[in-house]
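# Overview (structure and organization)
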Amino acid sequence: MPAADNASVFPDGFLWGAATAGHQTEGNNTLTGHWAMEHVEKSPFTEPSGDACDSYHRYAEDIALLAEAGLNTYRFSVEWARVEPEPGLFSTAELDHYLRMVQACRDAGVTPMVTLNHFTVPAWLSRTGAWDDEAAPELFARYCGRVATHFGSAVTWYCTLNEPNLGAMMTMGGLVPMSALEDVGAVARLDPSAQAAFAHRVGGDPDVARLGDPTQIASTAAIERVKESHRRARAAIKQANPAAKVGWTLALVDFQAFDGGEELTGQVREAGGSQFLRVSAEDDFVGVQTYTRQVMGPEGPVLVPEDAIVFQTGWEAYPEALGNSVRWAAEVAGVPVVVTENGMATADDEARIAYTRTALEGLRDAIEDGVDVRGYVHWTLLDNFEWHSGYAMTFGLISVDRDTFERTTKPSLGWLGEIARGNGRAL
Ligand code: GCO
């Protein structure tokens, strides 16, 4: 229901934004485990990230397009491998680079929201096992503290780890949800010779070296280690900037029980979501990232109906998932929610708008019902490197020419900007 008179259901100061991640947009992120894995024979990546969107050089244009459209928030990530290219060696020049991004946001009236780990880790940490390395929490906290010190009071919103629950969600509930089929398929298909070549490239032992993306965070020990990494990172950020708002961003598939699937649904919600949401109870906010639902029968996931509208990724276009996930997160975590990702991989921009409108209506209804939601950050600003699927998936509000890097805004960017300008009144 639209709000009465001219009042908006969305609170004042609501964050309306779009997100990107460094490895998916910057280009030439050569110091990471990902870059190494992209270039081995039998790589699980369909193509290498290469120049990506060249946002390392073109960030000012990206931010300007976002701001001109009417959005007020930009979520982007800092690449740990650039900032700390060798263990303990911090690059002031790279920290300055990211500070310039922060300043470009502020100059444009845009709130920067900084993710400190969006899947990629430095190759030197891949070498020692990434999140399987017992030193990971301390190393991650040290890096986060350095970034937050460098940014000072210029940044308030920090996301520590992106989707640390992905591996648990995929494996601990004994299922592979639709949302992760691409990634888990690729990891499962990883050829031993590819792992050996990867280990060689990062200078490690094949039994130890890890890419370090969250699909690999599935053992109880690794899960506890990322929880610890998050807590220590939060402390380090707050020590540098007591006014910082810190949270982590969780992949929340809307699991729905079907015909006897209640027990399995409960298990996967606990293992893949709630145990991580409870960690957020100590945070300033929880980041919710929702794209789709997964219907669960007693034996496992139920396939997407043949007549369903689907993403390019094969996921069901089910925008009602967002409102459901936000309610789940708020109930378990008990802290304010920021939607840090939601969007649709499609070549049909009208379909993107329709999906997003329905998702936002669900968000509005949740707010009307009393859920404390502080922002909606769309995935993604630019068509970019969709991990194992490469450049074929187009989640962007802006398309990018793969040869010239020329940006072309899609109608969905202007549409979302107008919603933002009216603080959601136009929904
Ligand atoms: C993730 C990441 C994003 C993805 C997006 C679409 O969820 O994997 O946070 O980097 O690109 O979710 O799959």
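Small disclaimer: the values here were computed from a predicted structure and weren't measured.

Conventions we followed
Residues numbered from 1 in each chain as written. Predicted model: local features only at pLDDT ≥ 70, side-chain atom pairs only at ≥ 80, totals over all residues. Heavy atoms only, no water. Helix = DSSP H or I, 4+ residues; strand = E, 2+ residues; numbered from the N terminus. Expected span 1.5 Å × (residues − 1). Buried < 20%, exposed > 50% of the residue type's maximum accessible area, 1.4 Å probe, protein only. Contact = heavy atoms within 4.5 Å. Axes fitted to C-alpha atoms, helices over the stretch in contact; angles between N-to-C directions. Parallel < 35°, antiparallel > 145°, perpendicular 65-115°, else oblique. Nonpolar A, V, L, I, M, F, W, Y, C, P; charged D, E, K, R; others polar. Phe/Tyr/Trp six-rings, centres within 6.5 Å; stacked < 30°, edge-to-face > 60°. Arc of directions from axis to C-beta. Pairing = 2+ DSSP bridges. Patch = residues over 30% accessible without salt bridge, like charges linked within 9 Å, V, L, I, M, F, W, Y side chains within 5 Å. Areas by Shrake-Rupley, 256 points an atom, 1.4 Å probe, with all protein chains shown as cover. Salt bridge = Lys/Arg side-chain N within 4 Å of Asp/Glu carboxyl O. Lys, Arg positive; Asp, Glu negative; His and termini not counted. Charge placed at Lys NZ, Arg CZ, Asp CG, Glu CD.

Here helix α7 (residues 136-151) spans 23 Å end to end across 16 residues, near enough to the 22 Å set by a 1.5 Å rise per residue. Taken together, the buried positions of α7 are occupied by Ala136, Pro137, Leu139, Phe140, Ala141, Tyr143, Cys144, Gly145, Val147, Ala148 and Phe151. Here the buried face of α7 lies against α4 (80-83), α5 (92-107), β3 (111-117), α6 (123-127), β4 (157-162) and α11 (220-240). Two residues or fewer after α7 comes Gly152, characterised by a positive phi angle close to 55°.

It is worth spelling out the packing of helix α3 (residues 55-69) against helix α15 (residues 411-421) at this point. At a closest axis distance of 8 Å, the pairing of α3 and α15 adopts a crossing angle of 55°. Taken together, the axis directions place α3 and α15 in an arrangement best described as oblique. For the pair α3 and α15, contact is made by Leu65, Glu68 and Ala69 and by Leu413, Gly417, Glu418 and Arg421, respectively. Here the residues of the contact of α3 with α15 sort into three nonpolar, one polar and three charged.

The relation between two aromatic rings is expressed through the spacing of the ring centres and the mutual angle of the planes. Inspection of every chain in the model, using the stated rule, returns 23 aromatic pairs. Note on Trp157 and Phe285: the rings are 5.2 Å apart at their centroids and 65° apart in plane angle, and the pair reads as edge-to-face. Of this pair, Trp157 sits in strand β4 while Phe285 sits in the loop between α12 (262-277) and β7 (286-289), and the two are 128 residues apart along the sequence. In this structure, Trp157 and Phe285 share a single accessibility class: buried. Summarising the aromatic geometry, the rings of Phe311 and Phe395 are spaced 6.2 Å apart at their centres and angled 80° between planes, so their arrangement reads as edge-to-face. With Phe311 in the loop between β9 (300-301) and α13 (321-333) and Phe395 in the loop between β11 (373-379) and β12 (398-400), this pair connects stretches of sequence that are 84 residues apart. Here the aromatic cluster, defined as three or more aromatic residues joined through ring pairs, consists of Phe45, Phe119, Phe385, Trp387 and Tyr391.

With that settled, the discussion passes to helix α10 (residues 192-202). Along α10, the residues classified as buried are Ala194, Gln195, Phe198, Ala199 and Val202. Angular distribution of buried residues about the axis of α10 spans 135°; they occupy a single face of the element. As for α10, its buried residues are in contact with α2 (33-38) and α6. Immediately beyond the C-terminal end of α10, within one or two residues, lies Gly203, with a positive phi of roughly 80°.

Moving on to the sheet that holds strand β6 (residues 254-257). If you trace the three strands from one edge of the open sheet to the other, you get β6-β8-β9, paired in mixed fashion. Edge positions in the sheet fall to β6 and β9, since each has one partner strand and no second. Pairing analysis gives four bridges linking β6 to strand β8 (residues 293-297), with the strands arranged parallel. Counterpart to Asp254 in the pairing with β8 is Arg293. Here α12 sits on the sheet and contacts β6, β8 and β9; the angle it forms with β6, its principal contact strand, is near 160°.

Moving on, we get to a negative patch on the surface. On the surface, a cluster of negative charge is made up of Glu61, Asp401, Asp403 and Glu406. Taking relative accessible area as the criterion, Asp401 reaches 34% and is therefore assigned partly exposed.

Strand order in the closed barrel formed by eight strands is β1-β2-β3-β4-β5-β7-β10-β11, and the pairing between neighbours is parallel. Neighbour-to-neighbour, the strand axes of the sheet open up by a mean angle of 25°, direction not taken into account. Running over the sheet, α11 touches β3, β4 and β5 (245-251) and is turned about 160° from β4. Contacts from helix α14 (residues 349-368) reach β1 (15-19), β10 (337-341) and β11 within the one sheet, and its direction differs from that of β11 by about 170°.

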